[in-house]
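# Structural features, examined
This is what each chain is made of:
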Amino acid sequence: VAAHRLVVQHGLGFLQVIADMREKRYEDEGIGSSYMFRVDHDTIIDATKCGNFARFINHSCNPNCYAKVITVESQKKIVIYSKQHINVNEEITYDYKFPIEDVKIPCLCGSENCRGTLN
């Protein structure tokens, strides 16, 4: 993938209240991880049970891609763009940029400049 190119679009958006209900249902079903991405104050993308490979892109503190919110026909979407040239078989990663919280989620990215936590 060349630098500064669109890599993939990420999921369909839902309102926060629906995302909250889905997250509760996933917990009740024993699903340990959800694949939710905040677009803005009101909208969440949920790719937990459906979506494309974007839901499996891992976090890195030194990513080769970045996420960007765009608007297409008045609908907000998240797209992943390459920051640099990405070789065949090179893992695609981006910084999740989770909000800072008291309970820390360990980062396992292994990059030299790893922050140690996702949040």
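Everything below is about the structure shown above.
Presented here is an overview of the structure given in this document. This structure is a prediction, so every number in the text was calculated from the model and none was measured. (Residues numbered from 1 in each chain as written. Predicted model: local features only at pLDDT ≥ 70, side-chain atom pairs only at ≥ 80, totals over all residues. Heavy atoms only, no water.)

## Focus on the overall build of the protein
- Scanning the protein from terminus to terminus reveals 1 helix and 8 strands.
- Ordered by position from N to C terminus, the α and β elements of the protein give β-β-α-β-β-β-β-β-β.
- Taking 14 Å as the expected radius of gyration for a compact globule of 119 residues, we find that the protein reaches 15 Å, a close match to that expectation.
- Dimensions along the principal axes, computed over C-alpha positions, put the protein at roughly 40 × 40 × 25 Å.
- Relative to its 119 residues, the protein shows a buried fraction of 31%.
- When contacts within the protein are restricted to residue pairs at least 6 apart in sequence, long-range pairs at least 24 apart make up 56% of them.
- Total accessible area on the protein is roughly 7900 Å²; 53% of this is exposed by carbon and sulfur atoms. (Helix = DSSP H or I, 4+ residues; strand = E, 2+ residues; numbered from the N terminus. Rg over C-alpha atoms; globule rule 2.2 N^0.38 Å. Buried < 20%, exposed > 50% of the residue type's maximum accessible area, 1.4 Å probe, protein only. Contact = heavy atoms within 4.5 Å. Areas by Shrake-Rupley, 256 points an atom, 1.4 Å probe, with all protein chains shown as cover.)

## Here we look at unusual backbone geometry
- With phi around 65°, His4 is a residue other than glycine that occupies positive phi space.
- Its location among the elements puts His4 in the segment before β1 (6–10).
- The phi dihedral of Ser74 is positive, around 65°, even though this residue is not glycine.
- Relative to the elements of secondary structure, Ser74 occurs in the loop between β6 (65–72) and β7 (75–82).
- Look at Ser74 and you get exposed, because its relative accessible area is 72%.

## Thoughts on helix α1 (residues 16–28)
- Spanning 13 residues, α1 covers 18 Å between terminal C-alpha atoms, matching the ideal 18 Å at 1.5 Å per step.
- Of the residues one or two after α1, Gly30 is the one with positive phi, at around 80°. (Expected span 1.5 Å × (residues − 1).)

## A short note on the sheet that holds strand β2 (residues 13–15)
- With antiparallel pairing, 3 strands are arranged side by side in an open sheet as β2-β4-β3. With partners counted over all chains shown, the strands left at the sheet margins are β2 and β3 (36–38), one partner each. The average undirected angle you get between the axes of adjacent strands in this sheet is 35°.
- In this structure, β3 lies alongside strand β4 (residues 43–46), joined through 3 bridges in antiparallel fashion. Bridging across to β4, Phe37 finds its partner in Ile45.
- Relative to the sheet, α1 contacts β2, β3 and β4, its axis offset from that of β2 by approximately 95°. (Pairing = 2+ DSSP bridges. Axes fitted to C-alpha atoms, helices over the stretch in contact; angles between N-to-C directions.)

Function-wise, these values are silent; they only describe arrangement.
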